Each structure stands twice: as C-alpha cells, then as structure tokens.
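Residue-level listing of the chains:
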Amino acid sequence: MFSKEESRLLRQEFWTSFGKSFPRKWLLYDTKIKGVAFKFHFDTKYALIALDLEDDLENRINCWEKLESLKGILKSEYLPEAIYEEEHFLDNGKEISRIYLPLEQKVSIHNKNTWRDVMEFFNENMNLFEAFFEEYRDMIKG
C-alpha cells in the first residue's frame, strides 16, 4: 500500500518517463472542436486511451452521430478493438460519450514492471487514434 504522497510521486514519475520515452506533442485537448478531447488514463487497475465528448447534450449528440458514421473506418483501418459508449459516466457522475481502447492486460501505475507495456500501448494506439482524427476532423467538426 502506498501513501498519497508516494502514489503522487509514482504517477509523476510515470508521466515524466512517458514524455521522455515518447517525446511528441499529443493532441489531447487541442482538437479544435469544442468539448472533444483525447485522454490517457492509467491508474492502479487499468490503462486506456479515449476520445471523450463532454459538450452540452445537443453538440455531443451531433458529434457522436458523425463519429458513429465513421465507426466502420475507425475499426477496420485504425483501432479494431475500439469501444463506442454513447452514455459513459465519469467517477464524478458526469455523463459523457466516449470511444476508448483499454489495454487488455492487468497493469498498475504503482508497478513499474508494467510501465513499459503501458507506454508502448499509449504511443502506438494514440498515434493511430490521432491519425484517424486528423484524417476525418473536418467531417467530425461538420
């Protein structure tokens, strides 16, 4: 069991190490579409990459419909295992829409032995996710 401070330091060390191992500028919140952001998630239970839609309901539905129409392309050409979740609830209870890809392996940010696998998963799959997004950004933005 780790103290809050030990956990915070491990998280900081992971993200610093990831940035040094794969130095590039990720899109993340800079998608140029309101309420649309890419996310990396890594905690003590799992790791995933996600594209979250967090705007007001009308804009979220509009963007979701466009992403839904591109589902076949995303899954056949980029991320075959991507999961579409129109109604996803964050830990704080907020409802969003999410397309995500979990790492199908037991990992923990507290276990440095799993870090390399997570970093490689993040790098490889977020690159593909961003390539898809860049290719179809205008259509998604509509």
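Residues numbered from 1 in each chain as written. Predicted model: local features only at pLDDT ≥ 70, side-chain atom pairs only at ≥ 80, totals over all residues. Heavy atoms only, no water.

**Q** How do you make sense of the side chain of Lys39 when you look at a structure like this?
**A** Topologically, Lys39 is positioned in strand β1 (residues 36-42). A polar atom in the side chain of Lys39 sits 3.3 Å from the side chain of Asp52. What Lys39 contacts, discounting residues up to four positions off in sequence, is Leu28, Tyr29, Leu48, Ile49, Ala50, Asp52, Glu54 and Met126. (Helix = DSSP H or I, 4+ residues; strand = E, 2+ residues; numbered from the N terminus. Polar contact = N/O pair within 3.5 Å; in protein donor to acceptor, adjacent residues only side chain to side chain. Contact = heavy atoms within 4.5 Å.)

**Q** Explain the environment of Lys34 here, please?
**A** Within the element layout of this structure, Lys34 appears in the loop between α1 (4-21) and β1. Owing to a relative accessible area of 61%, Lys34 belongs among the exposed residues under this scheme. Contact partners of Lys34, with chain neighbours within four places excluded, come to Asp55 and Asp56. Only 2.9 Å separates the side chain of Lys34 from the side chain of Asp55, close enough to count as a polar contact. (Buried < 20%, exposed > 50% of the residue type's maximum accessible area, 1.4 Å probe, protein only.)

**Q** Explain the sheet that holds β1 here, please?
**A** Through backbone hydrogen bonds, the strands of a sheet pair up, either in parallel or in antiparallel fashion. Strands sit in the order β1-β2-β4-β3 across an open sheet of 4 strands; the sheet is antiparallel. Edge positions in the open sheet fall to β1 and β3 (83-89), since each of these has one partner strand only. If you compare each strand with its neighbour and ignore which way they point, the axes differ by 30 degrees on average. Packed onto the sheet, helix α2 (residues 57-69) meets β1, β2 (47-53), β3 and β4 (95-102) and runs at close to 30 degrees relative to β4. (Pairing = 2+ DSSP bridges. Axes fitted to C-alpha atoms, helices over the stretch in contact; angles between N-to-C directions.)

**Q** Which parts of the structure should I look at to understand the pairing of β4?
**A** In the case of a regular strand, side chains alternate between the two sheet surfaces. Within β4, 7 of the 8 residues are buried, leaving the element largely enclosed by the surrounding structure. Pairing between β2 and β4: 6 bridges, direction antiparallel. Along β4, the bridge assignment pairs Leu48 with Pro102. Taken together, the 5 bridges between β3 and β4 define a ladder with antiparallel strand orientation. Residue His88 lies in a different strand from β4, and its bridge partner there is Ile96. Here β3 folds back onto β4, and the loop between the two strands holds 5 residues, one of which, Gly93, carries a positive phi near 90 degrees.

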